[in-house]
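# Notes for the structure review
So the chains spell out like this:
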Amino acid sequence: MGTPGGVSMTKSLIAQRNLNFPVEKESPESISQALTSLHTLRLDRERISCIANLQGLEQVHSLYLQQNQIEKIENLSCFPDLTFLTLAGNRISQVENLHTLPKLQFLDLSQNRIETLDTDELPRSLVILDLTGNECTKQNNYRERVLAALPHLKELDTQGVWKDTVQTEEEEEDSSEDSDEDWSDLAIPLSVEKDFFADLREELGAHSAQRREEEAREYEDRLEELRQMQNLRALVFNTSERPPWPFGVLEIISAAPEGSVLQSEYPHHPPSNLSKTANPTPKKGPRAPKGKAGGSSPTQLKASKGEGSGVMKTTSKGVKK
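Quick notes on the rules
- Just so you know, the residues in each chain are numbered from 1, in the order the chain's sequence is written.
- Per-residue local features are limited, in this predicted model, to residues with pLDDT of at least 70; the limit for side-chain atom pairs, both in listing and counting, is 80 or more; totals at the level of whole chains, interfaces and linings are taken over all residues.
- Note that water and hydrogens are dropped before the side-chain values are worked out from all heavy atoms of the structure.
- In plain words, nonpolar cores are sets of buried Ala, Val, Leu, Ile, Met, Phe, Trp, Tyr and Cys residues tied together by side-chain atoms within 4.5 Å.
- Three exposure classes are used, based on accessible area relative to the maximum for each residue type with a 1.4 Å probe and protein chains only: buried under 20%, partly exposed in between, and exposed over 50%.
- Here a helix means four or more residues in a row that DSSP labels H or I, a strand means two or more in a row labelled E, and each is numbered from the N terminus.
- By definition, residues are in contact when any of their heavy atoms lie within 4.5 Å.
- Throughout this description, the term salt bridge denotes a Lys or Arg side-chain nitrogen within 4 Å of a carboxyl oxygen of Asp or Glu.
- Only four residue types enter the charge count: Lys and Arg as positive, Asp and Glu as negative, with His and the chain ends excluded.
- Within 3.5 Å is the distance limit for a polar contact, defined as a pair of N or O atoms, with the added protein rule that one can donate a hydrogen and the other accept it, and that residues adjacent in sequence qualify only through two side-chain atoms.
- Stacked, edge-to-face and tilted labels apply to pairs of Phe, Tyr and Trp rings (six-membered ring for Trp) whose centres lie within 6.5 Å, assigned for plane angles under 30 degrees, over 60, and everything in between, in that order.

Looking now at the nonpolar core. In terms of nonpolar packing, the biggest core is built from 48 residues, with Leu41, Leu54, Leu76, Phe79, Leu85 and Leu129 touching the most fellow members. Of all elements in the fold, only α1 (11-18), α2 (28-36) and α3 (142-149) reach the threshold of two or more residues within this core. Look past the residues within four positions of Leu129 in its chain and what remains in contact with it is Leu107, Leu122, Val146, Leu150, Leu153, Glu155, Leu156 and Asp157.

Structure, rendered in structure tokens:
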């Protein structure tokens, strides 16, 4: 029985995750035929609550069920050639129902809820076993018991295995049957599965596209700002037959922030000669009365004349003496 709120393992889900063509456009017969030829089955990260509906997939030798909500190991007898099984990151509390997998060599049960380990439930064919993150790894003589139960084990909980005991003739014969090709396939780290890198590439591509859009918008805004600044500079610095300054231009230049383009061109704000020529306003005031000697009044001329004669008289008296 599955976890409430979990996802059921259906043929539709299996087809959508593992077939390389849009299943909605294919007939049920063609989908079933394509599923029977699968060798690798990926159903990780789907919130699956129980293992079911796997009949007709006898060709599968690698099964990925990590990061789901599975509570029990079951219904795997339909995979007689299964060599690779990962159930990491689920809710499994007991190791069971694995003796139906005589060819299983890689088993990942890390990050589950296994408190007690019955080594008799582990297939003797295992070469790599991972139980990290379970309470059972804290039991007394845990490692020794596992190594004693699995004669072909080469890696336990991501650590290599070196056995000091002498192998029996039967164990040596079993070891010779393990081909180098099988071992090389199992040595591939779980983290380099295709879905992991596909998801990573998709996420990085989305971030990259978003950054490009933001840079493009920023570039357009900056370009528009430069266009406006260029038009303003054309108004300010075009001294050949320049019309009167438009209303507000002088204020814009004066209010330009320090270090801006206008301030760098005109560090002292608009020059005085430009501001004087722009819209000159005649001075208002009373006109001086017209008169002789450049507009001087008769009284002023008489006073200046008297002052001059007094100086001459004083000078002549000194000469006579």
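Let us now look at the pattern of salt bridges. The final tally for this structure, using the stated rule, is 5 salt bridges. Ionic pairing is found between Arg17 and Asp44, a salt bridge with its closest N-O pair at 3.2 Å. Here the residue Arg17 occupies a position in helix α1, and Asp44 occupies one in the loop between β1 (40-42) and β2 (62-64), the gap between them amounting to 27 residues. Residue classification places Arg17 among the partly exposed positions, given a relative accessible area of 25%.

Next up on the list: the side chain of Asp108. With respect to the element layout, Asp108 can be found in strand β4 (residues 106-108). The side chain of Asp108 sits in the buried core without any salt bridge; Arg45 is the nearest counter-charge, 10.0 Å away. A distance of 2.8 Å separates the side chain of Asp108 from the side chain of Ser110, its partner in a polar contact.

Moving on, we come to the packing of aromatic side chains. With the rule as written, the count across this model stands at 2 aromatic pairs. Ring geometry for Tyr64 versus Phe84: centroids 5.0 Å apart, planes at 40°, classification tilted. Of this pair, Tyr64 sits in strand β2 while Phe84 sits in strand β3 (residues 84-86), and the two are 20 residues apart along the sequence. Using a relative accessible area of 10% as the deciding quantity, one classes Tyr64 as buried. Relative accessible area serves as the criterion here: at 6%, Phe84 is assigned to the buried category. Ring centres of Phe84 and Phe106 lie 4.3 Å apart, and the angle between their planes is 10°; on these two criteria the pair is classed as stacked. Linking Phe84 in strand β3 with Phe106 in strand β4, this pair joins segments that are 22 residues apart in sequence. Judged by its relative accessible area of 8%, Phe106 is buried.

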